[in-house]
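Topology and contacts: notes
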Amino acid sequence: MLTGKTALVTGSTSGIGLGIAKALAGQGANIMLNGFGDVEGPKAEIASLGVKVGYHGADMTKPAEIEDMMKAAAARFGRVDVLVNNAGIQHVAKVEDFPPERWDAVIAINLSSAFHATRLALPAMKAANWGRIINVASVHGLVASTEKVAYVAAKHGIVGMTKVVALETATTGVTCNAICPGWVLTPLVQKQVDAKAAANGWSNEEATRRLLGEKEPSMQFTTPEELGELAVFFCSPAANNVRGVAWNMDGGWAAQ
Ligand code: NAD
């Protein structure tokens, strides 16, 4: 379905971003990876699916590096057809204890980077009259939790941005939608499990059960593979008129 198209997925060396990149590659899209840590492993996983794979190490806190990444993707593949704004971090603390530099970092990576990548991707998508912008928000774009002030603000912000971009592209072949996962067992969440286990003297299993039990009625993690399939749906012809939605895949979290 996506043969000949290119998808750029931010924060795709790990977790959800890598899952979405693999699902889009499975549909034939060439992939531009981004993110920190091991790069060769993810590159090899994507290449094994028979598509071309590139990588740019832009730090998503830096607009100039995001601009360089978008230029590099266009130079390598001609155009970015599918942009997945996925890079994100978490920091957990009460509002009055929240370090201002952590606020700035969370807003920069989880919200502002998506604005920069989107504004830079839109002209070529509009010129081609086809494009897909998929923002990985969170169930925290729909509801709040304590001790996540920057994350919840950024995720509500990206849901709002999704709607504005969807309206501004409504008469074109470009769509913009958000995905709102509940708990997904990635390094970002394992850190929260570890913190719970350490604070309460619980085993990993007990901390995991309690983490799910607090929020997610299904008591199951959503998987990067499931989220990848939702991204594939947003790229399909059936989703041509799906615009500005914030689609939760959260085991019933936001239904409560
Ligand atoms: P992860 O930690 O596994 O992956 C995060 C990715 O972002 C990595 O590739 C990392 O290298 C990259 N990254 C971090 N800082 C960066 C920076 N400054 N510049 C470029 N790349 C950077 O986390 P994940 O759980 O896969 O999270 C991916 C997205 O999904 C995030 O936006 C997160 O908020 C969202 N999300 C996660 C969950 C969950 O339960 N894990 C739930 C809802 C939403």
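Here the structure is shown first, and the text comes after it.
Here's the deal with the side chain of Asn-30
Relative to the helices and strands, Asn-30 resides in strand β2 (residues 30-34). Looking at Asn-30, its side chain comes within polar contact range of the main-chain nitrogen of Lys-52, at 2.9 Å. With near-sequence residues (within four places) excluded, Asn-30 lies in contact with Lys-5, Thr-6, Ala-7, Val-51, Lys-52 and Phe-77.

Overview of the environment of Trp-103
Turning to its location among the elements, Trp-103 is positioned in helix α4 (residues 100-128). Sequence separation of Trp-103 and Ala-150 is 47 residues, and the distance between their C-alpha atoms is 5.4 Å. Not counting chain neighbours up to four residues away, the residues in contact with Trp-103 comprise Phe-98, Val-149, Ala-150 and Ala-153.

Things to note about the sheet that holds strand β5 (residues 131-136)
Strand pairing in a sheet takes place through backbone hydrogen bonds and is either antiparallel or parallel in direction. Across the sheet, which stays open at both edges, the seven strands sit in the order β3-β2-β1-β4-β5-β6-β7 with parallel pairing between neighbours. Whereas interior strands pair on both sides, the edge strands pair on one side only; in this sheet they are β3 (53-56) and β7 (246-249). Neighbouring strand axes in the sheet, compared pairwise and without regard to direction, differ in orientation by 20 degrees on average. Of the strand pairs in this sheet, β2 and β3 are connected by four bridges, and their pairing is parallel. Following the sheet pairing, Asn-34 is matched in β3 by His-56.

Things to note about the site of the ligand
The environment of the ligand is made up of 30 residues, and the closest members are Ser-14, Asn-86, Tyr-151, Val-184 and Thr-186. Interatomic distance of 3.0 Å between a side-chain N/O atom of Asp-59 and a nitrogen atom of the ligand. When the ligand sits alone it has 830 Å² of accessible area, and the protein chains cover 93% of it. In this structure, the ligand is accommodated by the largest pocket. Residue assignment for the shell around the ligand shows that the elements contributing at least two residues are α1 (15-26), α5 (149-168) and α6 (187-200).

Let's talk about α1
Along its 12 residues, α1 runs 17 Å from first to last C-alpha, staying within 8% of the 16 Å computed at 1.5 Å per residue. Summarising burial for α1: nine of the 12 residues are buried, a large majority. Looking only at α1, the buried set comprises Ile-16, Gly-17, Leu-18, Gly-19, Ile-20, Ala-21, Ala-23, Leu-24 and Ala-25.

Points about the pattern of salt bridges
Inspection of every chain in the model, using the stated rule, returns seven salt bridges. A salt bridge links Lys-62 to Asp-59; the nearest nitrogen and oxygen atoms lie 3.4 Å apart. Here Lys-196 and Glu-214 are joined by a salt bridge, their closest N and O atoms 2.7 Å apart. Of the two residues, Lys-196 is situated in helix α6 and Glu-214 in helix α7 (residues 204-215); the sequence distance between them amounts to 18 residues. Owing to a relative accessible area of 19%, Lys-196 belongs among the buried residues under this scheme. Classification of Glu-214 by relative accessible area gives partly exposed; the value is 47%. Each of Glu-206, Arg-209 and Arg-210 takes part in a single network of salt bridges with overlapping partners.

Definitions and limits used
Residues numbered from 1 in each chain as written. Predicted model: local features only at pLDDT ≥ 70, side-chain atom pairs only at ≥ 80, totals over all residues. Heavy atoms only, no water. Helix = DSSP H or I, 4+ residues; strand = E, 2+ residues; numbered from the N terminus. Polar contact = N/O pair within 3.5 Å; in protein donor to acceptor, adjacent residues only side chain to side chain. Contact = heavy atoms within 4.5 Å. Pairing = 2+ DSSP bridges. Axes fitted to C-alpha atoms, helices over the stretch in contact; angles between N-to-C directions. Near = heavy atom within 4 Å. Areas by Shrake-Rupley, 256 points an atom, 1.4 Å probe, with all protein chains shown as cover. 1 Å grid on protein atoms, 1.4 Å probe; cavity = no way out; pocket = protein on both sides within 12 Å on 5 of 7 lines; lining within 4 Å. Sits in = over half its atoms within 2 Å of the grid points. Expected span 1.5 Å × (residues − 1). Buried < 20%, exposed > 50% of the residue type's maximum accessible area, 1.4 Å probe, protein only. Salt bridge = Lys/Arg side-chain N within 4 Å of Asp/Glu carboxyl O.

Keep in mind these numbers describe shape, not what the thing actually does.
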